Amino acid sequence: MLDRLQALADRYEKLSELLCDPDVASDPKRLRDFSKEQSDLQAPYEAYTEYKQVSEQLDDAKVMQGEKLDDEMREMVKMEIDELSTRKEELEAHIQFLLLPKDPNDDKNVIVEIRGAAGGDEAALFASDLYRMYMKYADAQGWKVELMEASESDLGGFKEVIFMVTGKGAYSKLKYESGAHRVQRIPVTESGGRIHTSTSTVAVMPEVEEVEVEILDKDIRVDTYCSSGAGGQSVNTTKSAVRVLHVPTGIMAQCQDGKSQNENKAKALQVLRARISDLHRQEEEAKYAGERKSKVGTGDRSERIRTYNYPQSRVTDHRIGLTLHKLDSVLNGDMEEIINALTLTAQTELMEQENLA
């Protein structure tokens with residue numbers, strides 16, 4: 001680990017030199033790439049720098065302990081050794097965490113799909129509640145949300161809603177939201193006051209660049225049609241809505257919320273690339289289905305991950321056994337406690353796997 005840290009520190013310091021080079025400063029791409037690389041290395045570099053300082057101070061204190069000292073000084077040296085030893089252990093654990101393999105998608109924007117599943121109109125209403133929850137959470141994080149496609153139910157919920165979340169670390173925080181979300185409450189359509197259980201599914205996919213997933217013109221079929229629902233004067237008058245089918249995989253994406261046919265096609269292709277990439281990811285994971293699965297799940301939207309119980313104001317994440325009695329707060333976007341707990345569990349598992357490797 002120390003050899004790896006030293007190589008990392010050398011690279012960080014080399015990047016500092018490169019960023020001061022006039023040739024690099026005049027090249028926007030190199031400047032951007034080097035700045036990002038150094039930013040990614042900063043946390044482990046600073047931790048390693050402190051680790052070396054603490055180690056040197058600890059060695060010096062141990063040398064001093066072997067010298068002739070009066071009782072008061074000996075006690076002070078012992079206290080210093082205890083404090084430095086504790087700090088050294090904390091830094092070792094922190095550095096081990098910082099050196100864990102990073103998900104290459106963590107810094108990407110995400111495309112989120114929410115669909116009403118079991119429960120008809122009530123499931124669609126719950127899908128709109130989840131959409132609002134993620135909107136509130138994104139706003140608290142300083143992220144931007146862009147609606148890409150929506151299909152409303154008769155009661156005002158969403159049969160399906162697709163949106164993009166743009167912001168630093170969006171995928172790293174939202175990636176564990178994929179799965180089936182269950183709600184237990186009295187539906188607005190229930191006259192007898194009975195509690196019903198309904199579900200909506202969530203799929204979170206990292207945004208995929210064109211260079212990552214190439215879609216050939218010969219492999220797609222593009223259809224245009226008149227948009228429907230809210231949308232202004234163009235609704236039902238011009239064929240601005242676009243549906244794109246990827247023939248080799250059978251995957252389809254559509255968009256009608258943009259102002260023009262070109263804008264809708266571009267958005268539909270964004271969703272299509274993300275879905276194709278997600279399919280490839282699932283196929284790769286299926287090859288290793290026999291291996292130990294993570295507690296936080298595989299991102300399979302059929303996996304039940306969380307229950308929202310209205311009568312008890314309770315939210316339970318079944319993957320990690322976390323229960324919070326603040327349903328209203330969570331549905332208003334206060335999700336950080338849940339997301340932090342899921343992230344910590346995933347990181348702990350990854351550390352265990354690294355130690356066993």
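Residues numbered from 1 in each chain as written. Predicted model: local features only at pLDDT ≥ 70, side-chain atom pairs only at ≥ 80, totals over all residues. Heavy atoms only, no water.

### Regarding the packing of helix H1 (residues 2-19) against helix H3 (residues 28-65)
Axes are the key here: two packed helices are described by the angle between their axes and the distance separating the axes. At their nearest, the axes of H1 and H3 sit 8 Å apart, and the two run at 135 degrees to each other. The angle between the axes of H1 and H3 places the two elements in the oblique class. Handedness of the H1/H3 crossing: left-handed. Between H1 and H3, the residues in contact are Leu2, Leu5, Gln6, Leu8, Ala9, Arg11, Tyr12, Glu13, Leu15, Ser16, Leu18 and Leu19 and Leu31, Phe34, Ser35, Glu37, Gln38, Leu41, Gln42, Pro44, Tyr45, Tyr48, Tyr51 and Lys52, respectively. Residues belonging to the contact of H1 with H3 are distributed by class as follows: 15 nonpolar, 5 polar and 4 charged. (Axes fitted to C-alpha atoms, helices over the stretch in contact; angles between N-to-C directions. Helix = DSSP H or I, 4+ residues; strand = E, 2+ residues; numbered from the N terminus. Parallel < 35°, antiparallel > 145°, perpendicular 65-115°, else oblique. Left-handed = near helix turned anticlockwise from the far one by under 90°. Contact = heavy atoms within 4.5 Å. Nonpolar A, V, L, I, M, F, W, Y, C, P; charged D, E, K, R; others polar.)

### Describing the side chain of Arg275
As for its placement among the helices and strands, Arg275 is situated in helix H7 (residues 261-287). Given the relative accessible area of 16%, Arg275 is considered buried. Here the side chain of Arg275 touches Glu113 through a polar contact of 2.5 Å, side chain to side chain. Setting aside anything within four residues of it in sequence, one finds Arg275 in contact with Glu113, Arg115, Glu160, Ile162, Met205, Ile251, Met252 and Ala253. (Buried < 20%, exposed > 50% of the residue type's maximum accessible area, 1.4 Å probe, protein only. Polar contact = N/O pair within 3.5 Å; in protein donor to acceptor, adjacent residues only side chain to side chain.)

### Regarding the packing of aromatic side chains
The description of two aromatic rings rests on the distance between their centres and on the angle between their planes. Scanning the model with the defined rule gives 5 aromatic pairs in all. Look at Tyr12 and Tyr45: their rings are 4.0 Å apart centre to centre, the planes differ by 15 degrees, and that puts the pair in the stacked class. Remark: Tyr45 occurs in helix H3 and Tyr12 occurs in helix H1; sequence separation between them is 33 residues. On the basis of relative accessibility, which here comes to 13%, the residue Tyr12 falls in the buried class. With 5.5 Å between their ring centres and 90 degrees between their planes, Tyr131 and Phe158 make a pair best called edge-to-face. Here Tyr131, found in helix H5 (residues 121-141), pairs with Phe158, found in strand S3 (residues 158-166); they are 27 residues apart in sequence, far enough to count as distant. For the pair formed by Tyr131 and Phe158, the shared burial category is buried. Through successive ring pairs, a cluster of aromatic residues spans Tyr131, Phe158 and Phe163. (Phe/Tyr/Trp six-rings, centres within 6.5 Å; stacked < 30°, edge-to-face > 60°.)

### So, H1
Over its 18 residues, H1 extends 26 Å from the first C-alpha to the last, a length consistent with the 26 Å expected when each residue adds 1.5 Å. When H1 is considered as a whole, its buried residues turn out to be Leu5, Leu8, Ala9, Tyr12, Leu15 and Leu18. (Expected span 1.5 Å × (residues − 1).)

### Observations concerning the sheet that holds S3
Sheets are built from strands that pair by backbone hydrogen bonding, the pairs being arranged parallel or antiparallel. With mixed pairing, 8 strands are arranged side by side in an open sheet as S2-S3-S1-S5-S4-S9-S10-S11. With one partner strand each, in any of the chains shown, strand S2 (144-152) and strand S11 (322-324) form the two edges of the open sheet. Neighbour-to-neighbour, the strand axes of this sheet turn through a mean angle of 15 degrees, independent of strand direction. The pairing of strand S1 (residues 110-116) with S3 spans 6 bridges and is antiparallel. (Pairing = 2+ DSSP bridges.)

What is shown is where atoms sit, not what they do.
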